[in-house]
Amino acid sequence: DKMADNFQKAGSKADGLMGKISGIAAGIASIATVQKLVNLSDDVTSAQARLNLLVTDGGSVDELEAKIMASANRSRSVYLDTASAIASMGANAGAAFTSNDELIAFMEQVNKQFVIGGATAQEQSNAMVQLTQAMAAGALRGEELNSILDSAPGIARAIEQYMGIAEGSIKSYAEKGAVSATVVKNALLSIADETNA
């Protein structure tokens, strides 16, 4: 009886301990969820502030965000990632584009090529940094081109097709500086009918 009584007391204490551990775990999960929401809110606020700098044509940030959301949906991309990429490209290489609509259309094609190429989120992020740098510098070459070839080979194929050069020969043209930001932009916009079908 004593042994049964001890087992029962031990079981009750274990149940109580498990209840306390569950409560602590739930509290930690709640804190983590709140932190994620705060971080998301910060990211959205930051993206909105950066997009606000792009609105110079008398439009509104809300209209720009709606266009970006539609583009992200069409390209099966995450809105916040698309908005951040557009804000970054606009801030660093905005001179390569005639309007925000052209920039959004360009980024939509980039996103579609990432999806088609099966790039991971990290590969997409790295390639976007390289592409933004290339567009800001005015030409795609070297490390930027290698990153694009790895993460979105469709972009390279579109450029070769647009330039009328043999597949696989983009590196030699890039070394000469012939793959300008205008060529990259026009090449991607030229395949919009293909990828939108």
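This text goes with the structure placed above it.
Only a predicted model underlies this, so the values are computations on that prediction, with no experimental measurement involved.

Each value, and the rule that gives it
- Residues numbered from 1 in each chain as written.
- Predicted model: local features only at pLDDT ≥ 70, side-chain atom pairs only at ≥ 80, totals over all residues.
- Heavy atoms only, no water.
- Helix = DSSP H or I, 4+ residues; strand = E, 2+ residues; numbered from the N terminus.
- Buried < 20%, exposed > 50% of the residue type's maximum accessible area, 1.4 Å probe, protein only.
- Contact = heavy atoms within 4.5 Å.
- Areas by Shrake-Rupley, 256 points an atom, 1.4 Å probe, with all protein chains shown as cover.
- Axes fitted to C-alpha atoms, helices over the stretch in contact; angles between N-to-C directions.
- Parallel < 35°, antiparallel > 145°, perpendicular 65-115°, else oblique.
- Left-handed = near helix turned anticlockwise from the far one by under 90°.
- Nonpolar A, V, L, I, M, F, W, Y, C, P; charged D, E, K, R; others polar.
- Polar contact = N/O pair within 3.5 Å; in protein donor to acceptor, adjacent residues only side chain to side chain.
- Core = buried A, V, L, I, M, F, W, Y, C linked by side-chain atoms within 4.5 Å.
- Salt bridge = Lys/Arg side-chain N within 4 Å of Asp/Glu carboxyl O.

(A) Focus on the overall build of the chain. Helix and strand counts for the chain stand at ten helices and zero strands. Counted from the first residue to the last, the chain has its helices and strands arranged as α-α-α-α-α-α-α-α-α-α. Across the 197 residues in the chain, those meeting the buried criterion constitute 36%. Across the chain, every contact between residues at least 6 apart in sequence was considered, and the portion connecting residues at least 24 apart equals 61%. Accessible surface computed for the chain: about 11200 Å², of which carbon and sulfur atoms make up 55%.

(B) Highlighting the packing of helix 3 (residues 79-93) against helix 5 (residues 121-137). Relative to each other, helix 3 and helix 5 sit at 25°, their axes nearing to 9 Å. Comparing their axes, helix 5 and helix 3 come out roughly parallel. You can see that helix 3 and helix 5 cross each other, and the crossing is right-handed. Contacts between helix 3 and helix 5 involve A85, S88, M89, N92 and A93 from the former and M128, L131, T132, M135 and A136 from the latter. Class assignment for the residues of the contact of helix 3 with helix 5 results in seven nonpolar, three polar and no charged.

(C) Structural detail: unusual backbone geometry. One non-glycine residue, R76, lies in positive phi territory at about 60°. Along the polypeptide, R76 turns up in the loop between helix 2 (61-74) and helix 3. Assessed through its relative accessible area of 69%, R76 is described here as exposed.

(D) Structural detail: the packing of helix 6 (residues 142-151) against helix 7 (residues 153-163). Axis separation between helix 6 and helix 7 bottoms out at 5 Å; the angle between their running directions is 110°. If you check the angle between helix 6 and helix 7, you find them roughly perpendicular. For the pair formed by helix 6 and helix 7, the contact residues are I148, L149, D150 and S151 on the first element and P153, I155, A156 and R157 on the second. Along the lines of polarity and charge, the residues of the contact of helix 6 with helix 7 split into five nonpolar, one polar and two charged.

(E) Representation of the environment of E102 in the model. With respect to the element layout, E102 can be found in helix 4 (residues 100-117). Separated by 87 residues in sequence, E102 and L189 place their C-alpha atoms 8.4 Å apart. In contact with E102, not counting residues within four places along its chain, are A96, F97, K185 and L189. For E102, the side chain forms a polar contact with the main-chain nitrogen of T98, separated by 2.7 Å.

(F) Spotlight on the nonpolar core. Counting residues in hydrophobic clusters, the biggest one holds 46 residues, and the most contacted among them are L51, M89, F106 and M135. Counting only elements with at least two residues in this core, the list comes to helix 2, helix 3, helix 4, helix 5, helix 6, helix 7, helix 8 (170-175) and helix 9 (181-190). With eight residues, the single largest contributor to this core is helix 3. With near-sequence residues (within four places) excluded, M89 lies in contact with G94, F97, L103, F106, M107, M128, L131, T132 and M135.

(G) Fine view of the pattern of salt bridges. Here the structure, examined in full by the defined rule, presents five salt bridges. With a closest N to O distance of 2.9 Å, D101 and K67 form a salt bridge. One end of the pair, D101, is in helix 4; the other, K67, is in helix 2, with 34 residues separating them in the sequence. Taking relative accessible area as the criterion, D101 reaches 44% and is therefore assigned partly exposed. On the basis of relative accessibility, which here comes to 40%, the residue K67 falls in the partly exposed class. The partner of R157 in a salt bridge is E160, and the shortest N-O contact between them spans 2.8 Å. Placement of the pair is R157 and E160 together in helix 7, with a separation of three residues, close to one helical turn. Look at R157 and you get partly exposed, because its relative accessible area is 28%. Judged by its relative accessible area of 2%, E160 falls in the buried class.

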